[in-house]
Amino acid sequence: MKRKRIGNSIYLLILVLVAILFIIEFFKESNPFTESKINHSDSFPTELHPIVKERSNQLIQQAADKGIVIVITDGFRSSEDQDRLYEKGRSTEGNIVTYAKGGESYHNFGLAIDFALKTPSGNVVWDMQYDGNKNGKADWTEVVNMAKALGFEWGGDWAQFKDYPHLEMNFGLSIADLKNGDRPADSSMTADTN
């Protein structure tokens, strides 16, 4: 009789442990108390991510408020366009401007922009020393600081190939993640930063 109670107790304990493990695994896979920050999709984006687009517009406005006119020279870029850009300085004329082939750039996933400055005469310049608003600070540096405050990462901070016009929001995803179909959710970050 005593053995039967011990056997039943062990059986009940095993059932409880299995139930607990099942619940833990369920919440790990699909936690109803936290919003997912990553979607999975086999399709490639065809435009800028909504938050990147909104933050780009905020950057343009914040720069304008400081007397700086910026131009977004590139945003979403298809893999084909990326491959053409990659060929510059290699199989076509020009200087090398990227080391990323098609599908290897955050531009290809709608998560990056490039910018330049616009002078009062209407010229578009990439002059990092230009001080068009005459406040004693390089406009480029001011724009980069505003962009960083909005959540962008700057290509000028990269250790290897410095890409000074490049701003990106990778949402914690690597290119490998993106190639595997991971995508940032539209609400991964609050988009109401001023």
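Residues numbered from 1 in each chain as written. Predicted model: local features only at pLDDT ≥ 70, side-chain atom pairs only at ≥ 80, totals over all residues. Heavy atoms only, no water.

Q: How should I be thinking about the pattern of salt bridges in this particular structure?
A: Pairing is possible between side chains of opposite charge, provided their charged atoms come close. Per the counting criterion, the structure on display carries four salt bridges. R77 serves as the salt-bridge partner of D74, at 2.6 Å between the closest nitrogen and oxygen. Its relative accessible area of 6% is what places R77 among the buried residues. For D114, the salt bridge goes to R77, with nearest N and O atoms at 3.3 Å. In this pair, D114 sits in strand β3 (residues 112-118) while R77 sits in the loop between β2 (69-74) and α3 (79-87), placing the two residues 37 residues apart along the sequence. The pair D114 / R77 is uniform in exposure class, with both members buried. When salt bridges that share partners are traced, they join D74, R77 and D114 into one network. (Salt bridge = Lys/Arg side-chain N within 4 Å of Asp/Glu carboxyl O. Buried < 20%, exposed > 50% of the residue type's maximum accessible area, 1.4 Å probe, protein only. Helix = DSSP H or I, 4+ residues; strand = E, 2+ residues; numbered from the N terminus.)

Q: Hey, could you run me through the packing of aromatic side chains in this one?
A: Aromatic rings in a pair are described by how distant their centres are and how their planes are angled relative to each other. Counted according to the given criterion, the structure contains three aromatic pairs. Ring centres of Y99 and F161 lie 4.9 Å apart, and the angle between their planes is 75°; this geometry places the pair in the edge-to-face category. Of this pair, Y99 sits in the loop between α3 and β3 while F161 sits in the loop between β5 (153-154) and β6 (166-168), and the two are 62 residues apart along the sequence. For Y99, a relative accessible area of 53% puts it in the exposed group. What makes F161 partly exposed here is its relative accessible area of 29%. It is R90 that lies over the ring of Y86; its NZ or CZ is 3.8 Å from the centre. (Phe/Tyr/Trp six-rings, centres within 6.5 Å; stacked < 30°, edge-to-face > 60°. Lys NZ or Arg CZ within 6 Å of the ring centre and 35° of its normal.)

Q: Looking at this structure, I do not really get the pairing of β3. What am I missing?
A: Successive side chains on a regular strand alternate, one facing one side of the sheet and the next facing the other. Burial analysis of β3 places six of its seven residues in the buried class, the great majority of the element. Here five bridges tie β2 to β3, and the two strands are oriented antiparallel to one another. When the bridges of β3 are listed, I72 appears paired with F115. Sheet analysis places β3 next to β6, joined by three bridges and oriented antiparallel. Bridging across to β6, D114 finds its partner in H166. In this structure, β3 lies alongside strand β4 (residues 124-125), joined through two bridges in antiparallel fashion. Bridging across to β4, L117 finds its partner in V125. (Pairing = 2+ DSSP bridges.)

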